[in-house]
Amino acid sequence: MKRFLPLLALLFTCLLFAQTDKRLKGINEELQKILEVTKAPGFAVAVVDSSKVLYAKGFGYRDYENKIPVDANTLFAIGSSTKAFTSAVLGVLREDEQLDFDDNPRKYIPELEFYNGDLNNNLIIKDLMRHSTGIPRHDGAWYFFPSHDKDSLIARIKYQEPFTGIRQQWYYNNFMFLAQGVIAEKITGKSWEENIQDLFLKPLGMNRSNVDIAAMKSADNAAFGYELKDDVISKMDYYDIAAMSPAGSINSSVNDMSKWLMMWINDGKYNEKEILPANYIKEAMSSQMVVGANTPDDKFPDIHFANYGYGWFLQSYKGHYRVEHGGNIDGFSANAAFFPSDGIGIVVLTNQNGSAVPSLVRNTVADYVLELKKSDWAERHKENLEKAKKAQEEAEEESESSNVKNTKPSHILLDYTGSYSNDGYGEFPIMVENDSLFAQFKLQKQFLKHVHYDTFELLDIKNGKVDTTAIGNSLKVTFNTNSAGDIVELTTDIEPTLDAIVFNRTPNTIDVDTEIMNAYVGDYELAGTTVKVYIKNENTLYVFVPGQPEYELLPTAKHRFSFKALEGFKVEFIEDDDLSINKVKFIQPNGTFIANKK
């Protein structure tokens, strides 16, 4: 019985906070209303002032199927709310005079290269911290192609094109927070994960918090993630953010995050001990880059301006200076916010994917605890949902009408198969199964639904079935051919600020029996020129034309090969009635030529 006493004491304390702070009278009913309006499985919220927790409570379920409730110690993925932790590590290192924010990041990561010389020579660490590099998100490069090796992700940055100049426009970028984490690793000799534990989680007593998905899976009282589609709540797999951890891998509870917020409210101190330098606190929560105009509107004239500090968004909320950052990762959404002039902090964590819950709860609680004129945020959300639903229906109709009817792919499906790669993203195969095309990414398999001509739409496969609810709203890919008519690449608008990203195709190869391979070997006469076909390295076939380099051949089908180094060039060995090989067909962009074996 004794082991239940701490939990009971905690629950009693949380209830006591809600009952004794008169500003929060009636808040439970409002928050329950948000849970119902959003159809969220569950969420937790905590409210702090400079010295104590005013309120901490869970709503709904951390395990929706088994109806296990959320409490203030339930673990959730906090996603990009992690970013303030990552930049804060650099704040500590600067205080120790181990770096300067005006340094070039390549000073600490020599292998780091950017797309052009301007970026290589003129970026400073501060640009990474405030999203001012001019490089767009390129999130597909880590989400679809995850890696547990930070160096391999850093290497991809070289190929990621900017869309504007340095410090010309704010644009969110997860890769630049990865780079901050790696800078700290190079300086400290510790992993980013160790730095977070040593500098913040341990000193703050955030004992339930962890920094990777493996720890989340093994923890007690951890929430499962869910999504809402067509009013149906369904469980999502945990997403392993892997080496992109500095951008968003922390898992925490509202009780633990309360300590993090109290430190910020108290100029970097917790229990009178300095965790973060006060000068960094001031700089991190001040305007470093303009996000957008965000001018007042008629309905909310006192909510305005949108700037960014270091891992924090800044806004005026009904006349009160607010510092906050949200977070989203598969099945989870979060928001950590504080009002430095008021000494108030609010953290909201939910196990609903892409959820409005964190902002709705944060705003509702802020109205209460700051004693402001109350807005019905739940009702406003209902109105916005109706507008969004109507807009979605119109968008689907427009998308459907833009599709060219009664078209079909230009090639048989087998011709689209192969390996597709881009240096800034990664590599994935496309294969044919049961007369359909599928793409196999590292963590997921997707169905290619034909749209029109050579354009297909990528649809998720869940529980063995294609997710048809996403038709018309998923990523599209278009296959392109060379002058010989071969499929050589696919393009996709995976990064909306740039032209379509190109993935080059390498045809699938097959194993060729040694006896058959030897049958190809010989000299072939082509218009008075002797073309040699021979084997090197035991099982690799080559072609040599006088005056040209030797060409390696890749077997793609029976008697068919592609030139490894030349797009659109292929050979096909012709089999006689007696199964001998005495001719070879050279298929080139400028024509087809047949050579006879001497």
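Look up a bit, the structure's there.
To start, this report covers the structure provided alongside it. All of these numbers come straight from a predicted model, not from anything done at the bench. As a convention, each chain's residues are numbered from 1 in the sequence order in which they are written. Residue-level local features of this predicted model are given only where pLDDT is at least 70; pairs of side-chain atoms are given and counted only at 80 or more, and the full residue set underlies all totals for whole chains, interfaces and linings. Working from all heavy atoms in the structure, the side-chain values ignore hydrogens and water.

Pairing of aromatic rings covers Phe, Tyr and Trp, the last counted by its six-membered ring, and requires centre-to-centre distances within 6.5 Å; plane angles under 30 degrees mean stacked, over 60 mean edge-to-face, and any other angle means tilted. All chains considered together, the criterion is met by 50 aromatic pairs. Relative to Phe313, the ring of Trp170 lies with its centre 5.7 Å away and its plane at 65°, an arrangement referred to as edge-to-face. In this pair, Trp170 is assigned in the loop between α7 (150-156) and α8 (174-188) and Phe313 in strand β12 (residues 313-317), connecting sequence segments 143 residues apart. Here Trp170 matches Phe313 in class, with each residue buried. For the ring pair Tyr280 and Tyr310, a centre distance of 6.0 Å and an interplane angle of 20° mean the geometry is stacked. Numbering goes from the N terminus for both helices and strands, where a helix is a DSSP run of H or I of at least four residues and a strand is a run of E of at least two. Whether a residue is buried, partly exposed or exposed follows from its accessible area with a 1.4 Å probe, protein chains only, as a fraction of its type maximum: under 20%, in between, or over 50%, in that order.

Once that is clear, we can look at the side chain of Thr364. Mapped onto the elements of the fold, Thr364 is located in helix α13 (residues 357-369). Any pair of nitrogen or oxygen atoms within 3.5 Å is treated as a polar contact; in protein, a donor-acceptor pairing is required on top of that, and neighbouring residues in sequence qualify only through side-chain atoms on both sides. Of the polar contacts made by the side chain of Thr364, one reaches the backbone oxygen of Leu360; its length is 2.7 Å. Whether two residues are in contact is decided by their heavy atoms, any of which lying within 4.5 Å being enough. Excluding its chain neighbours within four sequence positions, the residues that come into contact with Thr364 are Ile27, Glu30, Leu31, Ile34 and Trp377.

As a further point, take the sheet that holds strand β3 (residues 68-69). Any two strands with at least two DSSP-identified bridges between them are counted as paired. Strand order across the open sheet formed by nine strands is β3-β2-β1-β15-β14-β13-β12-β11-β10, with antiparallel pairing between neighbours. Each edge of the open sheet carries a strand with a single partner, namely β3 and β10 (289-292). Bridging between strand β1 (residues 42-48) and strand β15 (residues 344-350) involves six bridges; their strand directions are antiparallel. Considered in β15, the bridge of Val47 is made with Ile346. Angular values range over 0 to 180 degrees, each being the angle between N-to-C directions of two axes fitted as lines to C-alpha atoms, with helices fitted over their stretch in contact. With respect to the sheet, α13 is in contact with β1, β2 (53-63), β12, β13 (320-329), β14 (332-339) and β15, its orientation differing from that of β15 by roughly 150°.

Attention shifts here to the nonpolar core. What makes a nonpolar core is a set of buried Ala, Val, Leu, Ile, Met, Phe, Trp, Tyr and Cys residues whose side-chain atoms join them at distances within 4.5 Å. Counting 113 residues, the largest nonpolar core has Phe85, Phe200, Trp260, Trp264 and Phe479 as the members making the most contacts within it. Val37, Phe43, Val47 and Ile346 belong to the second-largest nonpolar core, a separate cluster that totals 31 residues.

On to a nonpolar patch on the surface, then. Every patch collects residues that have over 30% relative accessible area and no salt bridge, joining them within 9 Å if they carry like charges and within 5 Å if they are nonpolar side chains (Val, Leu, Ile, Met, Phe, Trp, Tyr). Note on areas: Shrake-Rupley, 1.4 Å probe, and residue coverage restricted to the protein chains presented here. Here, a salt bridge means any side-chain nitrogen of Lys or Arg that lies within 4 Å of a carboxyl oxygen of Asp or Glu. A surface patch of nonpolar side chains, amounting to about 280 Å² of accessible area, comprises Ile412, Leu414 and Val432. Along the polypeptide, Leu414 turns up in the loop between α14 (377-402) and β16 (418-422).

Next up on the list: the environment of Thr86. In this fold, Thr86 is placed in helix α3 (residues 83-95). Sequence-wise, Thr86 and Phe177 are 91 residues apart; in three dimensions their C-alpha atoms are separated by 7.1 Å. Residues in contact with Thr86, not counting those within four places in the same chain, are Phe177, Gln180, Gly181, Trp192, Ile196 and Pro246.

All chains considered together, the criterion is met by 29 salt bridges. With a shortest N-O distance of 3.1 Å, Lys318 and Asp367 are connected by a salt bridge. Of this pair, Lys318 sits in the loop between β12 and β13 while Asp367 sits in helix α13, and the two are 49 residues apart along the sequence. For Lys318, a relative accessible area of 11% puts it in the buried group. A relative accessible area of 0% places Asp367 in the buried class. When salt bridges with common partners are traced through the structure, they connect Glu227, Lys229, Lys462 and Asp467 into a single cluster.

So, on to the environment of Arg208. Within the secondary structure, Arg208 is located in the loop between α9 (192-201) and α10 (213-218). What makes Arg208 partly exposed here is its relative accessible area of 24%. Sequence separation between Arg208 and Asp256 is 48 residues, and the spatial gap between their C-alpha atoms is 7.1 Å. One polar contact links the side chain of Arg208 to the main-chain carbonyl oxygen of Asn73, over a distance of 2.8 Å.

Moving on, we get to the pairing of strand β30 (residues 570-575). Where strand β29 (residues 560-563) and β30 come together, three bridges link them in antiparallel fashion. Pairing of Phe561 across the sheet is with Val571, part of β30. Following β29, the chain reverses through six residues before pairing antiparallel with β30; Gly568 in that reversal takes a positive phi of roughly 85°. Summarising the sheet, β30 and strand β31 (residues 581-588) pair through six bridges and their orientation is antiparallel. The residue bridging Val571 from the neighbouring strand is Phe586, located in β31.

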